[in-house]
Every structure is written in C-alpha cells, then in structure tokens.
Amino acid sequence: MMNAAEFANIAKAENAFWWYRGMRQILFGLLDHRTGRRNFQRVAEIGAGTGHFALALQERYGWPMYPLDLGWEGLEFGKTLGVQRMVQADMCRLPYRDQAFDAVVSMDVIVHLPRGQEDEAMAEFARVLPPGGFLAMRVSALDILRSHHSIFAHERQRFTKSRLLDLAERNGFRPLRCTYANSLLLPVALLKFRVVEPLFGGEPSSGVEPVAPWLDRLLYAPLAAEAAMISRGLNLPIGQSLILLAERR
C-alpha cells in the first residue's frame, strides 16, 4: 500500500504540478487515439487515490467512473472533490462481479505490491472485464530509477517493457500498445537518483512538492513534447514510466 502521508501531497499537487499535467496529456493522447472516445458504460479506476483522475476521465470522455482505493485517506480527499461511487477495497480482491466493467484504468498502483503479487491484481483486472474489455495502466519503470521518493511512497517494484507485457499476456490480455514515457528527462533523473541522492544522503521524501513556476514550466515542456510524439504513434524506447493499453482476450 502507498504511504498514507503521500495522499496529502498528491491532493495538493495533482491539479497543477508539472508531472501530473504532463502525464495526463500523454495518457489522453493515447486514449483519444485508441478508444475513439468509446461510450463505455462502466469504468473502474483501480487505485484511484483522491479520485481526481477519475473526475478528469469522466469530464473528458463522459465515462461513468467507479473509483476504488485501499487507502481511506485518499477516499476522504475524494469526498471533498465530490467524487461519486468511491469504494475502499483491495485491488487483489475486487468487490465486483465477473465482467462488471467495460474498461479498467490503473495508474501507478501495482508497483506498491510486493514482487510476485502483481499477478493477483492483474488476474482481478481481467476477471471484471468481458472479452474485448479495455485496460489502461501505468507503472514505474526501471529499477535503476528507484529513488528517495520511491522509498517514501512505499514503491515495491518497477517494470521493464518485457516484464509488463509478460504480466499482461499471462493473465489474459492482448497488448494493443506499450510505450515508455517521461523519457526526455531521464538523464536528469539518473543524475539526481544515482549521483546526487547517494552523495548527499537525506531522508526519503515526496517528489511531488511544488516547485517555482519557471521550473514547473521547464519540466513540463519535455512531457508535452512526448505527448505529441506518442499521440502520433511513436513508442519511446526507454523512460521513467511505462504505459500499457490492452484488451481482454
């Protein structure tokens, strides 16, 4: 489970912080192209946190969202946003009937499971989808990028593209698209995580603290550029995140 203290940081940052804005733009570009704004009748967001992204998806696509998270702290923030149908439950034991949803969305969630338990979650994602049901998920990528933020947030594992594709396929999904993202800032991340943090030490801390407006704009620009590239069909070969779009077999 994610560190409960991180929910407050996310709630303050996810509307305007450069990373959230950029990653939303990347994901929307992928969804616009792949789903064709399909009229899904029931969409589950597994690991919904504060529910902010569920609201964004509902506003953009008109999908009725069913957000779920294990942490009650995120659900409390969701209430203040007016998020509906929020449920507290374990993603490895979803409280929904078989084939209950047309689509499942899960952003940066299974990385908080101990390694080996990700199959339980993916099997549940498959169970609540019918054949042809749609999955969109994002995970943290590459073990070398584990950082102070990873430790603070209780991130337990990171993925390579091949490992994520294997996970999807052995649990009944047919991958439609899989790309790395947050790639252009990879040299900066490596410098920070593998040189600066080990050199200067310090306690694990959140990586979503607000930054100066000029720096926020500077860091957002590479993500906006990636969103344009990915939306045109380019799959990036390496990056800090992985995004998978798949279909239930």
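Refer to the structure above for everything that follows.
Residues numbered from 1 in each chain as written. Predicted model: local features only at pLDDT ≥ 70, side-chain atom pairs only at ≥ 80, totals over all residues. Heavy atoms only, no water.

Another point: a nonpolar patch on the surface. On the surface, a nonpolar cluster with roughly 520 Å² of combined accessible area is contributed by Leu191, Val195, Val196, Leu199 and Phe200. Mapped onto the elements, Leu199 comes out in helix α8 (residues 186-200). The class of Leu199 is exposed, set by a relative accessible area of 63%. (Patch = residues over 30% accessible without salt bridge, like charges linked within 9 Å, V, L, I, M, F, W, Y side chains within 5 Å. Areas by Shrake-Rupley, 256 points an atom, 1.4 Å probe, with all protein chains shown as cover. Salt bridge = Lys/Arg side-chain N within 4 Å of Asp/Glu carboxyl O. Helix = DSSP H or I, 4+ residues; strand = E, 2+ residues; numbered from the N terminus. Buried < 20%, exposed > 50% of the residue type's maximum accessible area, 1.4 Å probe, protein only.)

Position of Gln240 among the secondary structure elements: in the loop between α9 (213-231) and β7 (241-248). Relative accessible area serves as the criterion here: at 12%, Gln240 is assigned to the buried category. Ignoring any residue separated from it by four or fewer positions in sequence, one finds Gln240 in contact with Ser140, Ala141, Leu145, Arg158, Ala181, Asn182, Leu185, Leu186, Ala189 and Phe193. (Contact = heavy atoms within 4.5 Å.)

Here we take up the sheet that holds strand β1 (residues 43-46). Read across the sheet, seven strands follow the order β3-β2-β1-β4-β5-β7-β6 without closing on themselves; strand pairing throughout is mixed. A single partner strand is all that each edge strand has here, and the edge strands are β3 (87-88) and β6 (173-181). Of the strand pairs in this sheet, strand β2 (residues 65-69) and β3 are connected by two bridges, and their pairing is parallel. What sits directly across from Asp69, in β3, is Gln88. Helix α3 (residues 52-61) contacts β1, β2 and β4 (103-107) of the sheet and is inclined by roughly 165° relative to β2. (Pairing = 2+ DSSP bridges. Axes fitted to C-alpha atoms, helices over the stretch in contact; angles between N-to-C directions.)

The final tally for this structure, using the stated rule, is ten aromatic pairs. Their ring planes at 20° and their centres at 6.2 Å tell us that Phe28 and Phe53 sit as a pair that is stacked. Of this pair, Phe28 sits in helix α2 (residues 18-35) while Phe53 sits in helix α3, placing them 25 residues apart in sequence. In this pair, the class of Phe28 matches that of Phe53, namely buried. Summarising the aromatic geometry, the rings of Tyr66 and Phe101 are spaced 5.6 Å apart at their centres and angled 65° between planes, so their arrangement reads as edge-to-face. (Phe/Tyr/Trp six-rings, centres within 6.5 Å; stacked < 30°, edge-to-face > 60°.)

This next bit is on the pairing of β4. Judged by how many residues are buried, β4 sits mostly within the fold: five of five residues are covered. Where β1 meets β4, three bridges bridge the pair, whose relative direction is parallel. Across the sheet, Val43 pairs through a bridge with Ala103, a residue of β4. Pairing geometry for β4 and strand β5 (residues 134-140), over five bridges, is parallel. In the strand pairing of β5, Ala103 is matched with Phe134. Handedness of the β4-helix α5 (residues 118-127)-β5 crossover: right-handed. (Right-handed = clockwise from strand over helix to strand, strands pointing away.)

Take the pattern of salt bridges next. One pass over the full model with this rule turns up eleven salt bridges. For Arg93, the salt bridge is made with Asp90, and the minimal N-O distance between the two is 3.0 Å. For Glu124, the salt bridge goes to Arg127, with nearest N and O atoms at 2.7 Å. Of this pair, Glu124 and Arg127 both sit in helix α5, separated by three residues, roughly a single helical turn. A relative accessible area of 12% places Glu124 in the buried class. A relative accessible area of 23% places Arg127 in the partly exposed class.

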